[in-house]
Amino acid sequence: MSVRVRFAPSPTGNVHIGNIRAAIFNWLFARHAGGKFLLRVEDTDRERSTPEAIQTLLQVMEWLGLNYDEVPVYQAAQRARHLAAAEQLVTSGHAFRENKDGKGECIVFRMPKEGRVEYTDIVKGTIRKKAEDTQDFVIVRSDGNPVFHLANVIDDIDMRITHIIRGDDHVENTFKHIQIFRALGDEPPQYAHLPMIVNAMGKPYSKRDGAAFVGEFREQGFLPQALFNFLALLGWAPGEDREVMTRDEMVALFTLDRCKSSAARFDLKKLIWMNGEYIRQTPAAVFRAEFEARVKADGYWHTDLPAAEVDGIVALVQPRTKFYSEIPGNCAYFFTEEYPFDAKSVEKRLKPAGVPELLEAVAQRFEALPAFDHAATEAALRAMGDERGAGLGGMVHPVRVAVSGLSDGPGLFEMLTLLGRPRVCARLRRAAARLREGTL
RNA sequence: GCGCCUAUCGUCUAUCGGUUAGGACAUAGGGUUUUCAUCCCUAGAAGCGGGGUUCGACUCCCCGUAGGCGCGCCA
């Protein structure tokens, strides 16, 4: 029988990283096996399941490249089918009607009370408990609506799901689900319960731990490939010390028996590192599009910059970018004369005595240069550093801060060349003037 | 409270009874560089505790401890 798995989120407007990680594992499993990856939208909560929420869900999946097969199933549309199954269970004696607490008549599923229930979880091994430790549970509410457990199982039957890969907060539910499958005369599918993702404190990862939703990572400028790769490695390891992998490699390597069963902490530092790896691999044109979007959103962008200059900026910025949202703060000086100055850098590099004179002397020297390029500017600063006994560093640091407002960034001479002589000299003189006025 | 699950460097993990317990992130130091990033080198850093089983346990079993999950007419 060919593999059929599903991702069954309830659309609430935000997709939690724990859920999307489950989707990733399902997807990898299906693609590895050459099976089907299906989407089932569990939209029975009419309050939260808005069209916008469903759109968000679909967008997130597309962004991460989680393409699904077949037509998505909307659980709310299966209501009649769920209720029919409940009737069938009543008829066969596996369920009964009851008026609990006077709330009206609901349908309760009867759990076996003798022996033990067990199942073999692909990642957790055999899980068993005494039947007496399980309890009957409601499958149709007194308002006539099917409950999660019922709907979930019926849909899995209808979709001919072969493997259920989900978070391990469902291990207990599985006992219930298995009994429903059997009561309906179906063999339960295979189960694989994934460990939870926890925060730095070892507690379940939530909103309070920073970004918890996929959309937030996207906004911060994480690449889908990086997030995908990173999340895939939370609870799974292909062995052989493989970490940064292409999607195809992950598909080829993925197996459930290499999944761990203990909780994994979300290490943002490692995600940031990995994202940097992916950004450096990104084609320049792709990076440039995102770069432009980010700078525009921040208001610095102007369209009259020659394309070649933008290319130059991108070439300097891309190699040192870890995530896109840090771009505007690092690049303002490429686009405006009103670039902000970092207070600490000003204090350290521009406040010392003699700096205004030094900046003006540099401007003068630069203006006298026959050509304003990397070699010439470097030679000029080296010479001045020697003359003044300040060394190259003594020249470079004040100039960098004066010209960019920051103490770190691309190589200074690449930066100067890109900015061009007029802008560089004007900035040096203006910084000197402002230092004298005390407005810096 | 009852039940189920889990337990290797700070973090993600490798190890399927025999290893100097390996890799990556992070950290520290060094090299390259004008800064940052990259790149390279180096260092420190781990088997929760106690019993077994075994010639030999991180690995298997039991107990304890800690944590997680579940115990809804939520999903």
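The shown structure was predicted, so the numbers you read here are calculated from the model rather than taken from an experiment.

**Some details on the packing of helix 10 (residues 284–297) against helix 12 (residues 327–335)**
At a minimum axis separation of 10 Å, helix 10 and helix 12 run at an interaxial angle of 85 degrees. The angle between helix 10 and helix 12 falls in the class roughly perpendicular. The segment helix 10 lies against helix 12, with Phe287, Phe291, Arg294 and Val295 engaging Ile327, Pro328, Cys331 and Phe335. When grouped by side-chain class, the residues that make up the contact of helix 10 with helix 12 number seven nonpolar, no polar and one charged.

**A word on the protein's contact with RNA strand B**
As a structural note, the neighbourhood of RNA strand B is formed by 60 residues, with Arg141, Lys203, Gly235, Glu243 and Arg320 the closest of them. Here RNA strand B approaches the protein such that, of its atoms within 4 Å, sugar and phosphate make up 70%. One of the backbone N or O atoms of Pro319 is found 3.5 Å from a sugar or linking oxygen in RNA strand B. Those elements that place two or more of their residues in the surface near RNA strand B are strand 7 (125–130), helix 4 (148–158), helix 5 (171–183), strand 12 (264–265), helix 9 (268–281), helix 16 (391–404) and helix 17 (412–419). Of the residues forming the surface near RNA strand B, the biggest block, five residues, is contributed by helix 9. Its residues placed into classes, the surface near RNA strand B shows 17 nonpolar, 15 polar and 28 charged.

**Some words on helix 5**
Over its 13 residues, helix 5 extends 19 Å from the first C-alpha to the last, a length consistent with the 18 Å expected when each residue adds 1.5 Å. Counted residue by residue, helix 5 has ten buried out of 13 residues, so it is predominantly covered. Along helix 5, the residues classified as buried are Val171, Asn173, Thr174, Phe175, His177, Ile178, Gln179, Ile180, Phe181 and Ala183. In the segment just after helix 5, Gly185 is the residue with positive phi, at about 80 degrees.

**So, the nonpolar core**
Within the largest apolar cluster, 112 residues are counted, with the highest numbers of intra-cluster contacts made by Phe291, Phe334, Leu359 and Phe366. If you tally residues by element for this core, the top one is helix 1 (residues 17–33), at ten residues. Composition of this core by domain shows at least three residues from each of domain 1 (282–335) and domain 2 (343–437). In this structure, Met111, Ile139, Ile161 and Ala183 belong to the second largest nonpolar core, which totals 30 residues.

**Overview of the sheet that holds strand 5 (residues 105–109)**
Pairing is antiparallel in the open sheet, where three strands are placed in the order 4-5-8. With partners counted over all chains shown, the strands left at the sheet margins are strand 4 (95–99) and strand 8 (137–140), one partner each. Neighbour to neighbour, the strand axes of the sheet diverge by 50 degrees on average, direction disregarded. Both strand 5 and strand 8 contribute to a ladder of three bridges, which runs antiparallel. Within strand 8, the residue paired with Ile107 across the bridge is Val140.

**Quick look at the pattern of salt bridges**
Counting across every chain of the model gives 26 salt bridges. Put simply, Asp158 and Arg81 hold a salt bridge, and the shortest N to O gap is 2.8 Å. Of this pair, Asp158 sits in helix 4 while Arg81 sits in helix 3 (residues 79–91); the two residues are 77 residues apart in sequence, bridging distant segments of the chain. Judged by its relative accessible area of 33%, Arg81 falls in the partly exposed class. Arg97 is the salt-bridge partner of Glu87, the closest N and O atoms lying 2.7 Å from each other. With a gap of ten residues between them, Glu87 in helix 3 and Arg97 in strand 4 connect regions that are remote in the sequence. Here the salt bridges do not stand alone but share partners, grouping Arg6, Arg40, Glu42, Asp155 and Asp156 into one network.

**Observations regarding the pairing of strand 1 (residues 4–7)**
On strand 1, burial covers both faces: Arg4 and Arg6 on one face and Val5 and Phe7 on the other are all buried. Bridge count between strand 1 and strand 2 (residues 36–41): four bridges; the pairing is parallel. Looking at the pairing, Arg6 lines up with Leu38 of strand 2. Handedness of the strand 1-helix 1-strand 2 crossover: right-handed.

**Focus: the domain arrangement of chain A**
Along its sequence, chain A is organised into domain 1 (282–335) and domain 2 (343–437). On a C-alpha basis, the centroid separation for the pair domain 1 and domain 2 is 23 Å. If you look at the interface, domain 1 gives nine residues, while domain 2 gives twelve residues. With both sides pooled, the region where domain 1 packs onto domain 2 buries about 890 Å², and carbon together with sulfur makes up 67% of that total. Here Glu309 and Arg423 are joined by a salt bridge, their closest N and O atoms 2.7 Å apart. Counting every contact that joins domain 1 to domain 2 gives two residue pairs in polar contact (both at pLDDT 80 or more). Contributions of two or more residues to the side of domain 1 that touches domain 2 are made by helix 11 (307–317) and helix 12. Here the residues of the side of domain 1 that touches domain 2 sort into four nonpolar, three polar and two charged.

Calculation notes
- Residues numbered from 1 in each chain as written.
- Chains lettered and ligands numbered in written order.
- Predicted model: local features only at pLDDT ≥ 70, side-chain atom pairs only at ≥ 80, totals over all residues.
- Heavy atoms only, no water.
- Axes fitted to C-alpha atoms, helices over the stretch in contact; angles between N-to-C directions.
- Helix = DSSP H or I, 4+ residues; strand = E, 2+ residues; numbered from the N terminus.
- Parallel < 35°, antiparallel > 145°, perpendicular 65-115°, else oblique.
- Contact = heavy atoms within 4.5 Å.
- Nonpolar A, V, L, I, M, F, W, Y, C, P; charged D, E, K, R; others polar.
- Near = heavy atom within 4 Å.
- Polar contact = N/O pair within 3.5 Å; in protein donor to acceptor, adjacent residues only side chain to side chain.
- Expected span 1.5 Å × (residues − 1).
- Buried < 20%, exposed > 50% of the residue type's maximum accessible area, 1.4 Å probe, protein only.
- Core = buried A, V, L, I, M, F, W, Y, C linked by side-chain atoms within 4.5 Å.
- Domains from an automatic or database assignment.
- Pairing = 2+ DSSP bridges.
- Salt bridge = Lys/Arg side-chain N within 4 Å of Asp/Glu carboxyl O.
- Right-handed = clockwise from strand over helix to strand, strands pointing away.
- Buried area = accessible area lost by both parts, 1.4 Å probe.

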